[in-house]
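Residue-level structural notes
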Amino acid sequence: MKTKASFSAPLFALILYILLFASRFAKDQLIGAGGNVYLSVIILQILIFIIPAIVFCRLKGVGYAVKLNIKFFSPSKLGCVIMSGLVLICLSILIRFLQVYLFGMREFHFSLFDAYLSEGSPEEFLFTATAFAVVPALTEEFVYRTILMTEYSEEGFGAVTTALVTSLLSSMMCFSFETLPIRFAAAVMFCTVTYITGSSIAAFLSHIIFNIYGVFGEKYILKAIVDPSNKIISIFTFTLLFLVLAIILFGEFEHILRRAGKSGTPSPAYLLKKDKDGKTPDVAATARAEENEPSATMSEAARLGIEAFFSPTFLLCVLVFVIAIFGFI
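I will try to describe carefully the structure that is included in this document. Predicted model only: the values in this text are computed from it and were never measured.

**Notes on the packing of helix H5 (residues 78-103) against helix H11 (residues 231-263)**
- It is the contact of H5 with H11, at a shortest axis distance of 8 Å, that shows an interaxial angle of 150 degrees. Regarding the angle of H5 to H11, the classification is roughly antiparallel. Here H5 runs over H11; the crossing is left-handed.
- The class makeup of the residues in the contact of H5 with H11 is 20 nonpolar, 4 polar and 2 charged.

**Quick notes on the pattern of salt bridges**
- Taken as a whole and assessed by the stated rule, the structure comprises 7 salt bridges.
- Between Lys67 and Glu154 there is a salt bridge; the shortest N-O distance is 3.9 Å. Here the residue Lys67 occupies a position in helix H4 (residues 64-67), and Glu154 occupies one in helix H6 (residues 125-154), the gap between them amounting to 87 residues.
- With a shortest N-O distance of 2.5 Å, Arg258 and Glu254 are connected by a salt bridge.

**Digging into the environment of Phe321**
- Mapped onto the fold, Phe321 is located in helix H14 (residues 312-325).
- A sequence separation of 146 residues divides Phe321 from Phe175, and the C-alpha atoms of the two residues are 5.7 Å apart.
- When residues no more than four places from it in sequence are discounted, the contact partners of Phe321 are Met172, Phe175, Ser176 and Leu180.

**Things to note about the packing of helix H3 (residues 37-59) against H6**
- For the pair H3 and H6, interaxial distance at closest approach is 9 Å and the crossing angle is 10 degrees. With respect to H6, the axis of H3 lies roughly parallel. Helix-helix and strand crossings are classified by hand; for H3 and H6 the assignment is left-handed.
- Looking at side-chain class alone, the contact of H3 with H6 contains 17 nonpolar, 4 polar and 2 charged residues.

**So, the nonpolar core**
- By size, the foremost hydrophobic cluster in this structure holds 46 residues, and its most contacted members are Tyr17, Phe113, Tyr144, Ile147 and Leu169.
- Elements with a minimum of two residues in this core: helix H1 (5-25), H3, H6, helix H7 (159-172), helix H13 (294-309) and H14.
- When near neighbours in sequence (up to four residues on either side) are disregarded, Tyr17 contacts Tyr144, Leu168, Leu169, Met172, Met173, Phe175, Cys317 and Val320.
- Counting 30 residues, the second largest nonpolar core, distinct from the first, contains Val81, Ala185, Ala186 and Tyr213.

Calculation notes
- Residues numbered from 1 in each chain as written.
- Predicted model: local features only at pLDDT ≥ 70, side-chain atom pairs only at ≥ 80, totals over all residues.
- Heavy atoms only, no water.
- Axes fitted to C-alpha atoms, helices over the stretch in contact; angles between N-to-C directions.
- Helix = DSSP H or I, 4+ residues; strand = E, 2+ residues; numbered from the N terminus.
- Parallel < 35°, antiparallel > 145°, perpendicular 65-115°, else oblique.
- Left-handed = near helix turned anticlockwise from the far one by under 90°.
- Nonpolar A, V, L, I, M, F, W, Y, C, P; charged D, E, K, R; others polar.
- Salt bridge = Lys/Arg side-chain N within 4 Å of Asp/Glu carboxyl O.
- Contact = heavy atoms within 4.5 Å.
- Core = buried A, V, L, I, M, F, W, Y, C linked by side-chain atoms within 4.5 Å.
- Buried < 20%, exposed > 50% of the residue type's maximum accessible area, 1.4 Å probe, protein only.

Structure follows, in structure tokens:
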């Protein structure tokens, strides 16, 4: 039986939330028993994300994998991928700075599994990077920027609605109010990169860059910005760096979209909703129709936005997040 994306996608996210809660009870058995921490964390992520994702794809039927945007991007877009990761790092530093000096926050969590992260020897760099940076990027991008974005896009939800709703579902998974702004900003960036490049692999690589910083660099940056003597120089340096990198990134976005426009590729490059006969609608004809009936287009977008953000399963995800951050579970 076919279900709407506004119902099935948040339901899938809700199942992941439940599995994440359950994983907390497995920590002592997997980590505290003297086992391999890196292998344990990788296994947890496979059990929580990959296996449910595979089951979800199987339930969607044969051929569903073909719809997913798992494809390589051209080398000319690599600069966009790298810059998106660097911009996100600077943005996260600025958010941390505001949290420290406006809200007095001092304890931060970067990832879902950083409670398992400990000081390792230099020889363990590869294992740490794999378990706490690469695998989390792979699992989260496969779920949120591959499966869930496809779910919403296939049913005609616009790019903005799709990006916002999937970003919220992704960021609420942290069950932490102080981590929510950074995870939401990161999710929006990964959605944008996916739309611009037409590939979730691009978002995966950008996510790795961000995670590498979080695992190996954030603790040193936090030590610097919590020192009052570094307050002025820190905010000036990272604000300037953020603005410069953001300008470069938007320039990369512009070049990609311009090339796509010249080649006749829809911009941004994401899946278009198909007609009942399976044919993709003519892009130019769709644009002309929207120009002739702007109010109808805006009304439809509003309806889809309400459907996405007020579906019972999405509201249930919000409720679980609120309950979690107030410590009731």
